[in-house]
Amino acid sequence: MNPIFNNKVFIYNLQKLKLTKTFIYPPLLLIKNNKMSFKYEMPVKLHIGNGEFNKIGKYIKQDFNVKNILLVTEKVLMEKLELKERLLKQLKDCNLTIFEYVEPNPHSKIIEKGKRLAQKNKIELIIAIGGGSAMDTGKAIAMLMTNAGTINDYIHKRRIIGRESIPLIAIPTTSGTGSEVTIASVITDEETGIKMGIRSEYMYPNIAIIDPELTLTMPKHITAHTGYDVLAQAVESCLSNSNKNPISKMFALKAITMVFDNLKTAVDQPENIDARTNMALASLYAGLAFTQTGTVGPHSFSCPLTTFHNINHGYACILPLPAFLNIYAEKCGKEVKNEILEMANVVDCKTVEEFGNKMKKLIKDTGEKTRLSELGITQDDKARIIKNTMDVLTGRDPIEITEEVVGMVFDETF
Ligand SMILES: [Fe+2]
């Protein structure tokens, strides 16, 4: 191959000749000016399709040699999806232990309780079935089976995760968090009320089974709230200053269009399997985007709304999103504004404001309110919301998030 047309070979040749500093040639200039450099990692094996859950026994046999398995889930799903019966049928040669105490926004005490049960039963593999809370609980327990200390040691970043977790199979029953393909587990320290994401490459599930049939019984408001989470995660991943890349952006833009095209139908017609399938894929795509980039301001702002005002995670994320977009567009300069306009354009919006209004319309069309004041939040809550948001900033926003910025978001969303 002619080195002139192959930058890698060309540079190698220049280095060999020690000419890199003096030899200027267009291909080299092209590389010097090209800012593209990124990593895309996604080690989760995906099984996607209606009825895939019924093949879990086969998938476990294929990939793992294990006997002692822990199911991590919520009580309500045990009955609704007949999990015990279906799993026992699939896992005839295994010992199945059940931990059905998963709660929304899992607290560290629940994780520790699950860890003790797993240790007592010498668990070798975890199956986490449910929404983000179940999968995050499963991830945390799997991690603590091989890493010493308590979950609180990791929440506050005092401890580094140095060992691979025991195998984990993540099975979402909502279409929202994307936790089945993400690096993070979000846990709340019950003493401080601080909700923190623990991120480690060792926390990726080994397998994700995405079976849209499992989402058919999801209640309307959970369908809406988890769908909002997909939208917020996709939008935020395009605004993160950490490892945003063409692949994450491609997934994010697709997720954004799919939410606007399918969420209302999934809410209005819960048994519409096409809308459910598309939302399951949208959730997956958003997960594939934001596991690379992390989230930004709206997710931070959602923490006090969830912790102190009991607003579901996804709903709490989308409420401040339009206000954040306006502030980013105004304060960050052309590049970020164009990024937002690019997202707006994929859903036929021409301005940042129009994009925000389209989100608010989607919230209303799916049965929810758009203002904090309509949800029982008062001006007296403002200081605490600002403080807690500042405590959980991710450091990935395209501008420095100050108390003043968070206050502006509060006022605009109030
Ligand atoms: Fe989220």
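In case you missed it, the structure is sitting above this.
None of these values were measured; they are calculated from a predicted model. (Residues numbered from 1 in each chain as written. Predicted model: local features only at pLDDT ≥ 70, side-chain atom pairs only at ≥ 80, totals over all residues.)

**Remarks on the overall build of the chain**
Part 1 of the reasoning: Within the chain, the regular secondary structure consists of 18 helices and eight strands.
Part 2 of the reasoning: Its C-alpha atoms give the chain a radius of gyration of 23 Å, near enough to 22 Å, the size a compact globule of 414 residues would have.
Part 3 of the reasoning: Along the first, second and third principal axes, the C-alpha atoms of the chain reach 70 × 60 × 45 Å.
Part 4 of the reasoning: Within the span of the chain, comprising 414 residues, buried residues form 48% of the whole.
Part 5 of the reasoning: Sequence-distant contacts, at least 24 apart, represent 75% of the contacts inside the chain between residues at least 6 apart. (Helix = DSSP H or I, 4+ residues; strand = E, 2+ residues; numbered from the N terminus. Rg over C-alpha atoms; globule rule 2.2 N^0.38 Å. Buried ≥ 20, exposed ≤ 12 C-beta atoms within 10 Å, placed from the backbone. Contact = placed C-beta atoms within 7 Å.)

**Topic: the environment of Glu52**
Part 1 of the reasoning: Structurally, Glu52 is set in the loop between strand S1 (45-48) and helix H3 (56-63).
Part 2 of the reasoning: Residues Glu52 and Ile209 lie 157 residues apart in sequence; the distance between their C-alpha atoms is 6.7 Å.
Part 3 of the reasoning: The residues contacting Glu52, other than those within four sequence positions of it, are His47, Ile209 and Asp211.

**Focus: the nonpolar core**
Generally speaking, soluble globular proteins have nonpolar side chains that are buried together.
Part 1 of the reasoning: Core analysis: the largest hydrophobic core is formed by 118 residues, its most contacted members being Ile126, Ala128, Leu231, Ala255, Ile256 and Ile318.
Part 2 of the reasoning: For this core, the element with the highest residue contribution is helix H10 (residues 246-268), accounting for eleven residues.
Part 3 of the reasoning: Domain assignment of the residues forming this core places at least three in each of domain 2 (45-214) and domain 3 (219-413).
Part 4 of the reasoning: Excluding residues that lie within four positions of it along the chain, Ile318 makes contacts with Tyr228, Leu231, Ala232, Met359 and Ile363. (Core = buried A, V, L, I, M, F, W, Y, C linked by C-beta atoms within 7 Å. Domains from an automatic or database assignment.)

**What about the environment of His299?**
Part 1 of the reasoning: The residue His299 is located in helix H12 (residues 297-309) in this model.
Part 2 of the reasoning: On a C-alpha basis, the gap between His299 and Lys55 in space is 35 Å, while along the polypeptide they are 244 residues apart.
Part 3 of the reasoning: Aside from chain neighbours lying at most four places away, what touches His299 is Ala232, Glu236 and Cys317.

**Quick look at the environment of Ile198**
Part 1 of the reasoning: Following the sequence through the fold, Ile198 ends up in strand S7 (residues 195-199).
Part 2 of the reasoning: Accessibility expressed as a C-beta count within 10 Å gives 21 for Ile198, which makes it buried.
Part 3 of the reasoning: For the pair Ile198 and Gly57, spaced 141 residues apart in the sequence, the C-alpha separation amounts to 30 Å.
Part 4 of the reasoning: Residues within four places of Ile198 in sequence aside, it is in contact with Tyr154, Ile155, Ala184, Ser185, Ile187 and Met203.

**Side note on the pairing of strand S8 (residues 207-210)**
The two faces of a sheet get side chains in turn, since along a regular strand they alternate between them.
Part 1 of the reasoning: Judged by which residues are buried, S8 turns out to be covered on both faces: Ile207 and Ile209 on one side and Ala208 and Ile210 on the other are all buried.
Part 2 of the reasoning: Inspection of the sheet shows S1 paired to S8 by four bridges, in the parallel sense. When the sheet's bridge partners are listed, Lys45 is paired in S8 with Ile207.
Part 3 of the reasoning: Where strand S5 (residues 168-172) meets S8, two bridges bridge the pair, whose relative direction is parallel. The residue of S8 that forms the bridge with Ile169 is Ile207. (Pairing = 2+ DSSP bridges.)

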